[in-house]
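Here is how the chains run, residue by residue.
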Amino acid sequence: MVFDAEESYLGYHPDREKPVVDLAGLDPTNDLLYIADTYGIYKSGEGFSRAAGEENNLIWGGSSDQDALEIRKFLNREKSSTVVAEYNTFATPTPSYVQAQMFELLGTRWTGWTGMYVHDLSSKGETPSWIREMHAGTWEYSGSGIILYNIHDEVIVLPSKQLLGPDEMQLSFTESGTKTLGISGSVAYEMIFDISEPLEGTEVLANYTLDLTEQGKAVLRSYGLEDTFPAIQLKKTANHRAYYLSGNWAFSRRNLRFSKLKGMQWFMEKTANENEIFYWKFYLPLLSSIFQEAEERKAFQIPDLTQSTTMIGQTKVVARATSRELLLYNNETWQPFFVYGMNLGTATPGKWFTEFPKDKSLYYRYLVQMGELGINTLRIYTLLDPEFYDAFSLYNRLHPDKPIYLMQEVWPEEEPPGHDYLKEAYQQAFEEEIRNVVDAIHGNADISERKGRAYGSYQNDISSYVIGYLVGRELEPHEVEETDHQHEGYRFIGSYISTTEEATPTESWLAQSCDYLLDYEEETYGWQHPVSLVNWPTLDYLTHESERDEFGVKKDEYNDRTTVDINHLVLGEKNKAGLFGSYHIYPNYPDFMNNDPSYNAYEDDEGRFRYGGYLRAFMEGHQRYPAVVAEFGIATGMGNAHYNPDGYHHGGLSEQDQGKMIIRMFETMEREGYSGGIIFAWMDEWAKKTWTTEPYMVPYDRQILWHNAVDPEQNYGILANEAVKPRRSTVAHGAQDFIETMEVRADASFLWFDFTFSRPLELEQEQLIIGIDTIYRDRGELKYTPDIPYEASFGMEYVVLINAEQNAQLLALDEANYTRYNFSTAPGLTRKGQFTPLIKLINRKRALGDGTIIEPHYEDASHLRYGELLGATNHWYKEANTLTVRIPWTRINVSDPSSHQVLDDERQYYSDPLRDTITTSATDSLRLSTLVIEKDSGIMTDSIPSISFTWNPWNQPVYQQRLKQSYKILQTYFHEKRSSL
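Residues numbered from 1 in each chain as written. Predicted model: local features only at pLDDT ≥ 70, side-chain atom pairs only at ≥ 80, totals over all residues. Heavy atoms only, no water.

J.: Would you take a moment to explain the nonpolar core for this structure?
T.: One broad trend across soluble globular proteins is that nonpolar side chains are buried collectively. Membership of the largest hydrophobic core comes to 119 residues, with the highest contact counts inside it found for Leu378, Phe388, Tyr389, Leu406, Tyr611, Phe666 and Trp682. If you look at the next biggest cluster of nonpolar residues, it comprises 75 residues, including Val744, Tyr818, Val902 and Ile947. (Core = buried A, V, L, I, M, F, W, Y, C linked by side-chain atoms within 4.5 Å. Buried < 20%, exposed > 50% of the residue type's maximum accessible area, 1.4 Å probe, protein only.)

J.: How do you make sense of a nonpolar patch on the surface when you look at a structure like this?
T.: A cluster of nonpolar side chains, contributed by Ile839, Leu841 and Tyr858, occupies part of the molecular surface with about 260 Å² of accessible area. Relative to the helices and strands, leucine 841 is located in strand E45 (residues 839-843). With relative accessibility at 32%, the residue leucine 841 sits in the partly exposed group. (Patch = residues over 30% accessible without salt bridge, like charges linked within 9 Å, V, L, I, M, F, W, Y side chains within 5 Å. Areas by Shrake-Rupley, 256 points an atom, 1.4 Å probe, with all protein chains shown as cover. Salt bridge = Lys/Arg side-chain N within 4 Å of Asp/Glu carboxyl O. Helix = DSSP H or I, 4+ residues; strand = E, 2+ residues; numbered from the N terminus.)

J.: What exactly am I supposed to notice about unusual backbone geometry here?
T.: Backbone geometry follows two general trends: most residues other than glycine have a negative phi, and most peptide bonds adopt the trans configuration. Here threonine 92 and proline 93 are connected by a cis peptide whose omega angle stands at 10 degrees. Structurally, proline 93 can be placed in the loop between strand E5 (81-86) and helix H4 (96-106). The phi torsion at glutamate 332 lies on the positive side, around 65 degrees, for a residue other than glycine. Here glutamate 332 is to be found in the loop between strand E18 (326-330) and strand E19 (333-336). The exposure class of glutamate 332 is exposed, given its relative accessible area of 62%. Positive phi outside glycine occurs at tyrosine 821, with the angle close to 65 degrees. Residue placement: tyrosine 821 occurs in the loop between strand E42 (807-813) and strand E43 (829-830).

J.: Honestly, empty space enclosed by the protein in this entry has me stumped. Any pointers?
T.: Per the counting criterion, the structure on display carries 4 cavities of 30 Å³ or more. By volume, the largest cavity amounts to about 100 Å³. Lining the largest cavity we find Arg72, Leu75, Asn76, Glu104, Leu105, Lys235, Thr237, His240, Arg241, Ala242, Asp359 and Ser361. At the level of elements, helix H3 (65-76), H4 and strand E14 (240-245) are the ones that each hand at least two residues to the lining of the largest cavity. Per-class residue counts for the lining of the largest cavity are 3 nonpolar, 4 polar and 5 charged. (1 Å grid on protein atoms, 1.4 Å probe; cavity = no way out; pocket = protein on both sides within 12 Å on 5 of 7 lines; lining within 4 Å. Points joined across faces, edges and corners; volume = space filled by probe spheres on them. Nonpolar A, V, L, I, M, F, W, Y, C, P; charged D, E, K, R; others polar.)

J.: Quick question: what am I supposed to make of the domain arrangement of the protein chain here?
T.: For an interface, size is often stated in terms of accessible area lost upon the parts coming together. When cut into domains, the protein chain gives domain 1 (11-298), domain 2 (337-680 + 716-721 + 963-980) and domain 3 (728-957). Computed over C-alpha atoms, the centres of domain 2 and domain 3 are 39 Å apart. Contacts between domain 2 and domain 3 engage 28 residues on the former and 25 residues on the latter. Taken over both partners, the interface formed by domain 2 and domain 3 buries close to 2000 Å², and the fraction arising from carbon and sulfur atoms is 52%. Applying the counting criterion to the domain 2 and domain 3 interface returns 4 salt bridges. Across the pair glutamate 547 and arginine 846 runs a salt bridge, and its minimum N-O distance is 3.9 Å. For the pair domain 2 and domain 3, the number of links is 12 residue pairs in polar contact (both at pLDDT 80 or more). (Domains from an automatic or database assignment. Contact = heavy atoms within 4.5 Å. Buried area = accessible area lost by both parts, 1.4 Å probe. Polar contact = N/O pair within 3.5 Å; in protein donor to acceptor, adjacent residues only side chain to side chain.)

J.: Help me understand the packing of aromatic side chains, please; the structure alone is not making it clear to me.
T.: Given two aromatic rings, their pairing is described by the distance between the two centres and the angle made by the two planes. Inspection of the entire model under this criterion finds 60 aromatic pairs. Judged by centre distance (5.9 Å) and plane angle (35 degrees), the ring pair of phenylalanine 388 and phenylalanine 392 falls under tilted. Placement of the pair is phenylalanine 388 and phenylalanine 392 together in helix H11 (residues 386-398), with a separation of 4 residues, close to one helical turn. For the pair phenylalanine 680 and tyrosine 716, a centre-to-centre distance of 5.3 Å together with 70 degrees between the ring planes defines the contact as edge-to-face. In this pair, phenylalanine 680 sits in the loop between strand E33 (676-679) and strand E34 (719-723) while tyrosine 716 sits in the loop between E33 and E34, placing the two residues 36 residues apart along the sequence. The same class applies to phenylalanine 680 as to tyrosine 716, namely buried. Members of the aromatic cluster, each reached through a chain of ring pairs, are Phe173, Tyr189, Phe193, Tyr208, Phe229, Trp249, Phe278 and Phe282. Across from the ring centre of tryptophan 334, 4.6 Å away, lies the NZ or CZ of arginine 320, which sits over that ring. Taking the ring centre of tyrosine 700 as reference, the NZ or CZ of arginine 915 above it sits at 3.7 Å. (Phe/Tyr/Trp six-rings, centres within 6.5 Å; stacked < 30°, edge-to-face > 60°. Lys NZ or Arg CZ within 6 Å of the ring centre and 35° of its normal.)

J.: Help me out: how do you make sense of the pattern of salt bridges in this one?
T.: Close approach of charged atoms allows side chains of opposite charge to pair. By the definition in use, this model includes 50 salt bridges. Note that glutamate 545 and arginine 548 form a salt bridge whose closest N and O atoms lie 3.2 Å from each other. On the accessibility criterion, glutamate 545 (31% relative accessible area) is partly exposed. A salt bridge links aspartate 754 to lysine 725; the shortest N-O distance between them is 2.9 Å. Of this pair, aspartate 754 sits in strand E37 (residues 750-757) while lysine 725 sits in the loop between E34 and strand E35 (730-732), placing them 29 residues apart in sequence. Using a relative accessible area of 30% as the deciding quantity, one classes lysine 725 as partly exposed. Sharing partners across several salt bridges, the network here consists of Glu547, Glu557, Asp591, Arg844 and Arg846.

J.: Looking at this structure, how should I read the side chain of arginine 846?
T.: You can see arginine 846 is positioned in strand E46 (residues 846-847). A polar contact is formed between the side chain of arginine 846 and the side chain of glutamate 557, at a distance of 2.9 Å. Excluding its chain neighbours within four sequence positions, the residues that come into contact with arginine 846 are Ser546, Glu547, Arg548, Asp549, Glu550, Glu557, Asp591, Asn595, Thr852, Ile853 and Ile854.

J.: How should H11 be read in this particular structure?
T.: Structurally, the α-helix is built with 3.6 residues per turn, so residues lying three or four positions apart point the same way. Between its first and last C-alpha, H11 extends 18 Å over 13 residues, near the 18 Å set by a 1.5 Å rise per residue. Among the 13 residues of H11, 12 are classified as buried, and the element is accordingly described as predominantly covered. (Expected span 1.5 Å × (residues − 1).)

J.: How should I be thinking about the packing of helix H12 (residues 424-441) against helix H14 (residues 505-525) in this particular structure?
T.: Angle between the axes and distance between the axes are the two parameters that describe a pair of packed helices. Contact pair H12 / H14: the axes reach a minimum separation of 10 Å and the direction vectors enclose 40 degrees. The angle between the axes of H12 and H14 places the two elements in the oblique class. Considering how the two elements wind past one another, H12 and H14 form a crossing that is right-handed. The residues of H14 that touch H12, namely those facing Tyr426, Gln427, Phe430, Glu431, Ile434, Arg435, Val438 and Asp439, are Trp509, Gln512, Ser513, Tyr516, Leu517, Tyr520, Glu521 and Tyr525. (Axes fitted to C-alpha atoms, helices over the stretch in contact; angles between N-to-C directions. Parallel < 35°, antiparallel > 145°, perpendicular 65-115°, else oblique. Left-handed = near helix turned anticlockwise from the far one by under 90°.)

J.: Which parts of the structure should I look at to understand the side chain of glutamate 293?
T.: Within the fold, glutamate 293 resides in helix H9 (residues 277-298). Glutamate 293 gets classed as buried once you look at its relative accessible area, which sits at 19%. Engagement of the side chain of glutamate 293 in a polar contact is seen with the side chain of arginine 241, the distance being 3.5 Å. Filtering out sequence-adjacent residues up to four positions away, glutamate 293 remains in contact with Arg241 and Tyr243.

Structure representation (structure tokens):
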């Protein structure tokens, strides 16, 4: 590891003809990258200025999109690498879209706050003039202290001996920091710093601590700040490290030319004065430790993959499908393989599905967590970026005792031209994708950049860990029907897979695609893996008695219109790996899962289980090949899109329910002869949607920026991607001192109310009411209820009524009740106190052929569930003198909290509109009020008549990841099941 100032320094070289050398010039032999001083070079000097017109003043600086790309490549490469980044890697003049990339790369998120220690706070001291100009009020400070300022031009001054105690600011190593770096203790800190917070998987190695007086703590709390925050953070994989140092530590006003002399570090550690102690006793030892670890890591040899394979004739195989089970070749023998799997979606908050992370360390962390969970199989839906396959290889090389195998899907494009799968251009494109996927699996693909699909250089051969290729997707009935109509009589005969005379053209297309894949892999690599058709109950071969309309007529029912039947495919002579079926089978959709009478007879140890009834009926017809339930799961969150008679609803379930219900479904699959199941899904994806929410997320292209807690599809994960509740709030106080404070906050999921009372709220005798006005102060309802005489000072659209743990509601003005397809407010101010419940149709009325009525089911969206507020299922909780309520945005017609959009459409609708149909308006604020009423007398105990609340919009969501409570439940189950094999 050799540093040469002329060659190794990338940045601004003022003496060169081309003074800027960016990270594209990074030497591939470099193994350590140090990033500092990104606040830039300005015509007026160092880039500490934030004066108007500073963009024109900037010569060069900030992190760029190219920088982020190069750092990503540096951290994703095969050999070891280390990045050390300092203060201001994120801040001005770095654009926000690059900030978001840097947060991901370094595993930390800047809060927008920066600070500096100042020896002389007076107007003649070293405080920058632009900070004094931003400060609200006169600048009458003296002595030393700390200044904090943020991106919203707010300034906090913490003078020593007033708001700061004698220790002022200390930097201290954590236990993890001492273990990692071999350094302990603390040191006074008197430099610039920023305030950031670690992302999931990032370690905090050292913290800053402000020695605040009680008054100083109160000042910081009012801005949502704490007195302790990270100074050093570390994000790592097996052979890569990314450190973030929250200070400008590389900057020194002193000449350090003697620092490399032998013995100088030891001497200065013993003799350094207070102005030198940080460098000699902290910074230099820190760098020495980082550099030494990086050097040692270079010598670490990552072992090769160890999965055994075998030959069938001249063909290499590792897995095969018989007529009833999957087999894996392991320890020199074929062994039955039951799939305990996980589906991986890659859309993190703020990203769409095809915006792949391109982050090896993120994938690696997921794989480690899944390995510790106890799964043995991972299913991915499409070709991912090369970083996934690199991480997958790395995981299995380092965890030979806990291998994870891959089911790789080849995804055909949606909406084929003319709804015809057999159109020549469509099939040619699909076959090209088949080749790309097979080549990538064998580490032999170099795919040019393309829109909506993964690309890059695939160099890791993971073929020995692939147990199947999944061909296809959930095909739409109208596409199947059109393909069958356009190609009536078409039948495919192949060398590996053919179809029977009963096969449809769509089944023949699938057979043709599978045959193409097997032939290509055999001819190109001498390999075969089992192939599988992807299907779902909508296209199953069963006839469902309950798939009828409300009059009992069976005509054009979506889920019983047509079929795709794997039994119409047969193996050819050259097929050595076999064929199996992959099915997406959920307990609550289609409606026949909830309605068909024949499923009622199925029972297990816990009683009736209609899901088991379907699995048994389906498997009875699945005679030729093994079947895997390749998608199933339970959604948490606050919303339910389909009712299930056994309680296995489409959403609205707890994290404990999620774990227990998944286990019961696994047990049923095993009992009914399936070859395993694959849980949907590893993590919550904000890019998902379902029919009950899609019309109300407007504009739709911003839905990825916020989390819809009532959308089941966004809450299937075992890993939660959840909004971060802000520390900072808007605070109001009661008029009669019973309501000590009401704090209001907004995050990407909820509108929060946090109450502190002078004594516990007695819900046996008292009622808490919250009034909410989302738009138009001069329109809406003034009275909270018909019986309570008190009025709000603004027109309300919603009221929250807290009466008891099992009796709490959110009610809507009829004109603002989206479950009645109303999306506005009253035309003027009214005094009726009439608010209506939110009741959403989720299962429509049907009738059986004998006339038996299947009643519709509705979601009670007004009910506010009581319980601890971990996760996204419960709405409110009280403890001692406190009570917290959180309301999901969709329930109050906020269609995009990130841009303050509220549904505002007075047109008459009779059903859920199409996407982006409803018009919206930007609200300038929410108006809120609170009452506490004695239930018997109706007398008001206390109130907050009016509070105006707004929040900062965002274009990058703030979120955190958390393993749900279901993780531990499933972990215990998987370890018990796999240890018994």
